[in-house]
Amino acid sequence: MYKPGGTIKALLDKIASQDYVLPAIQREFVWWPAQICELFDSLMQGYPFGTFLFWRIEQERRKEYKFYDFVRDYHERDRFHCELLKNPPDRELTAVLDGQQRMTALNVGLRGSYAWKMPGKRWSTDAAFPIRHLYLNLLSELDSESGCRYHFEFLTKQQATEPQEHEVWFRCGRVMEEEYDDLIDSLDELDLDKEDVKTARASLRLFHKTIHDRDLITYYEEENQSLEHVLNIFIRMNSGGTPLSYSDLLLSVAVAQWEKVDAREAIHSLVDEMNKQGDGFKFTKDLVLKAGLMLSDIGSVGFKVENFNKTNMAVLEANWPRIHDAMLLAVQLLAAYGFNSQNLRAESSILPIAYYLYARKLDGTYLLRAEFASDREAIRLWLIRSVLKPSGIWGSGLDTLLTALRERISTNARQGFPVAELDAAMALRGKSLAFTEVEIDELCDLPYGDARTFALLSMIFPGFDLSRHFHVDHIYPQGRFTDAQLRKAGVQEDLWSNLQERHNRLPNLQLLEGAINNQKRQKMPHEWYAWTKPDQIARDQYLAGLEITVLPDKLEDFTNFYDQRRNALKARIFQVLAGA
C-alpha cells in the first residue's frame, strides 16, 4: 500500500538529516542538467511525480550494510560519486531503492549546484568547470517545441545577472532559504513594468507552493530485512530501465557480497586511476567488472547472474589487489604505446593484455626492463592489428572470444605473449587478424580523426617514444586547402575538390610530438623541414624514413606527393601486416 510522503521541502529535509540514505546497491547519479530542468517544469505544470520505493532498516541492522549520501554539489570532474557514510546515524534509516535520480535532482536544484566541462577548455583547469545553480525565469512562456511552460536553466552567477530581454532569473535555492514574503517583496526592487511584475509574482508564488505546500510525495515502504529479498525487488524494479545497465545491477550484487573490501569504492577508484594515466582514458566500471571476472577465471566472462554468486564474489574479492595492479599496469602499457581515449578504438582490447600480465604476475618493472622489450613489442603489434580490422574484433560475441583468449593465455603464457595461439583462437571464431589486400588498400585512405589512424602510423613508423604525447599531424597543413587559400596559392579551381578530398587522409599524415606540432602551425612542409633540419643530408634521411621522396613547394603539385607516398605506405603496411 502506498503512503503519503509530504512535500518536496520535507523530502529534502530528510535527505539533509540523513533520514533518507542510499544503499550500496544504488548506482551513481546520471542525470544531465536538461533532465533536472524538465523535472522542475513538470512539477510546476502539475504532472505526476511518480512514486518512490523505500526500504526501512531497523536500527539494530544498520551496521550490516553500507550506505551512501545523496549528491548535492555535483562536479563532473571532482565530485561525481556518492560519498560513503562512514558513520550513519544511530537510528532507524530509510534506504531509497527507487527514486534516487529524482531525489538527487531535487537536491542539486534546490540545495546544491552542477558543474560540467565547458567545450574547448582543458580538463585539468578549474575554469573549465564553472559552478552553476538552478534558476527559474519568472517571465517564462510556453515553448511549443519542447512542451516546457517554465524555463529552468543552470547558470553561473554572472549569467544570471546579465539577463536577456524578457528574462528575470530567480535562483531556485532561495525558496529554501528565505521567507515567502521577503521573496515576493524582492521583486519590487526589479525594474519591471506592471504586467511583468504580475507575471513574475505568479511564477514565484506557484514555485513556492510547489516546493512547500503541495503533498507530491507518495511511496511504498519495504520492511523485510533480508538483503536477498531486497536485491530481488531492486532488480525487478530496475532491470527494465534503459539508463540502468545490467552490469549496474550485477555490480550491486558484488557490492552487497564483498565482506572486507568496499566493492563500489574499489571499482570506482580503479576506474579513476586508470583514466588518469598518460593523456587520459575513458574506461568504464563495466570494463573493470568484466576484468574481475576474466582475471579471476570466473565462468564465461559474461554478465550473468550465476557468475555473481557468493563463492565467485569471494574469489573476486580475494584477488582484487592483484586485479587492480594488473589493470593499472595494462593501462600504463597502453599509454606507453601512445594510446589514449581519443585513439583507443575498443576498450575491451585491454582485457587479454591485463590477463597476461596477471597470469605471469608481472609488476611495474615490466614497462622498463630490457629483457621484456620484445614481449612488449609483440603485445603492441597484436593490439594494433586487432583494432585495425574494419570488421570490429571487439564487438559481437565478445564474451565467448574473451573466454577463449583467456584459455590460450593461461596455457601458453610462460614463454611470452602467445601471439600465434591468440591469432588461431580468433580465426576459429571468425575474427581473423589476417588482412586482405582490399583491407590494406582501405587502410591507406584512413581519414584524419579516425581512431585507427594513430595506431596504423605508430605501427608502420616504429622508433618514436610515443609516451611523449604524439599527435597525428598534417604534413601539408589542412588550413592551406580552403577555397580561399587555394585561390590565393594560384591553384586552378578544377583541382580544388580533388586536393580537398585527399589532404585529410593517411598519405598526408604523420606522427609529430605535441609540443613541436604547436610550433609548426600552418607552415608549408618544405619550409618547416628546412627550418627544423637545416642540414640537407640529415633532412633527406629523416624524410626518407617517413617515406617522403618528393616535397613540392606548390599546392598544385600536392597530388604527386600524395600518390608517391600512398604507394610507399601501402608497401610498408603490407610488409608489416603480412609478416605479422
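Residues numbered from 1 in each chain as written. Predicted model: local features only at pLDDT ≥ 70, side-chain atom pairs only at ≥ 80, totals over all residues. Heavy atoms only, no water.

1. Digging into the confidence of the model for the protein
Detailed conclusions should not be drawn from predicted coordinates in areas where pLDDT is low.
So, point 1. Per-residue confidence for the protein gives a mean pLDDT of 89, with 93% of residues at or over 70.
So, point 2. Across the protein, helix α13 (residues 350-359) holds the top mean pLDDT of 98, while helix α21 (residues 514-520) sits lowest at 63.
So, point 3. Here residues 240-244 scores under 50 on pLDDT; set against residues more than four positions off or in separate chains, the count is 5 contacts. (pLDDT = per-residue confidence, 0-100. Helix = DSSP H or I, 4+ residues; strand = E, 2+ residues; numbered from the N terminus. Contact = heavy atoms within 4.5 Å.)

2. Re the pattern of salt bridges
It is possible for side chains bearing opposite charge to pair when their charged atoms get close.
So, point 1. This model, assessed by the stated rule, comprises 27 salt bridges.
So, point 2. Note that Arg171 and Glu177 form a salt bridge whose closest N and O atoms lie 2.9 Å from each other.
So, point 3. With relative accessibility at 52%, the residue Glu177 sits in the exposed group.
So, point 4. Note that Glu377 is salt-bridged to Arg380, the shortest N-O span being 2.9 Å. Taken as a pair, Glu377 and Arg380 lie in helix α14 (residues 373-388) at a separation of 3 residues, close to a single helical turn.
So, point 5. For Glu377, a relative accessible area of 32% translates into the label partly exposed.
So, point 6. Judged by relative accessible area, which is 7%, Arg380 ranks as buried.
So, point 7. Salt bridges sharing common partners tie together Lys3, Arg56, Glu92 and Glu221. (Salt bridge = Lys/Arg side-chain N within 4 Å of Asp/Glu carboxyl O. Buried < 20%, exposed > 50% of the residue type's maximum accessible area, 1.4 Å probe, protein only.)

3. Considerations on α13
So, point 1. Across the 10 residues of α13, 9 count as buried, placing the element largely inside the fold.
So, point 2. Those residues of α13 lying buried are Ile350, Leu351, Pro352, Ile353, Ala354, Tyr355, Tyr356, Leu357 and Tyr358.
So, point 3. Next to the buried residues of α13 lie α11 (285-295), α12 (310-336), α14 and α15 (398-412).
So, point 4. Immediately downstream of α13, the backbone of Lys361 shows phi near 55 degrees, a positive value.

4. What about the side chain of Arg380?
So, point 1. Polar contacts involving the side chain of Arg380 include one to the side chain of Glu377, which spans 2.9 Å.
So, point 2. Among residues more than four places away in sequence, those in contact with Arg380 are Tyr337, Ser458, Met459 and Pro462. (Polar contact = N/O pair within 3.5 Å; in protein donor to acceptor, adjacent residues only side chain to side chain.)

5. Here we look at the nonpolar core
So, point 1. Counting residues in each nonpolar core, the largest one holds 162 residues, and the members touching the most others are Leu110, Phe152, Phe207, Met327, Phe339 and Trp394.
So, point 2. Looking at this core element by element, the count peaks at 13 residues for α12.
So, point 3. Among residues more than four places away in sequence, those in contact with Phe207 are Phe40, Met44, Leu110, Leu136, Phe152, Phe170, Cys172 and Val175.
So, point 4. Counting residues in each nonpolar core, the second largest holds 11 residues, with Leu53, Leu93, Leu97 and Ile233 among its members. (Core = buried A, V, L, I, M, F, W, Y, C linked by side-chain atoms within 4.5 Å.)

6. Notes on the side chain of Arg376
So, point 1. Inspection of the secondary structure assignment puts Arg376 in helix α14.
So, point 2. For the buried Arg376, no salt bridge exists, and the shortest N-O distance to an oppositely charged side chain is 7.3 Å, to Glu371.
So, point 3. Each residue touching Arg376, except ones within four places of it in the same chain, is listed here: Leu333, Tyr337, Tyr366, Leu367, Leu368 and Arg369. (Lys, Arg positive; Asp, Glu negative; His and termini not counted.)

7. Digging into the packing of helix α1 (residues 8-16) against helix α3 (residues 100-111)
So, point 1. Orientation of α1 relative to α3, taken along the N-to-C sense of each, is 95 degrees, at an axis distance of 10 Å. The angle between α1 and α3 falls in the class roughly perpendicular. Contacts from Ile8, Leu11, Leu12, Asp13, Ile15 and Ala16 in α1 reach Met103, Leu106, Asn107, Leu110 and Arg111 in α3.
So, point 2. Residue classes in the contact of α1 with α3 are distributed as 8 nonpolar, 1 polar and 2 charged. (Axes fitted to C-alpha atoms, helices over the stretch in contact; angles between N-to-C directions. Parallel < 35°, antiparallel > 145°, perpendicular 65-115°, else oblique. Nonpolar A, V, L, I, M, F, W, Y, C, P; charged D, E, K, R; others polar.)

8. What about the sheet that holds strand β9 (residues 152-155)?
The strands that make up a sheet are held in pairs by hydrogen bonds between backbone atoms, and each pair lies either parallel or antiparallel.
So, point 1. With respect to topology, 3 strands assemble into an open sheet ordered β9-β8-β10, the strand pairing being antiparallel. Each edge of the open sheet is held by one strand with a lone partner, namely β9 and β10 (169-171). Each strand of the sheet is rotated relative to its neighbour by a mean of 40 degrees, with strand direction disregarded.
So, point 2. Of the strand pairs in this sheet, strand β8 (residues 133-137) and β10 are connected by 3 bridges, and their pairing is antiparallel. Across the sheet, the residue bridging to Asn137 is Trp169, located in β10. (Pairing = 2+ DSSP bridges.)

9. Details of the environment of Glu28
So, point 1. Here Glu28 lies in the loop between β2 (20-23) and α2 (33-44).
So, point 2. Counting along the chain gives 54 residues from Glu28 to Cys82, while the straight-line C-alpha distance between them is 6.6 Å.
So, point 3. Here Glu28 is in contact with Phe80, His81, Cys82, Gln100, Gln101, Arg264 and His268, once residues within four sequence places are set aside.
So, point 4. Within polar-contact distance, the side chain of Glu28 engages the backbone nitrogen of Cys82 at 3.1 Å.

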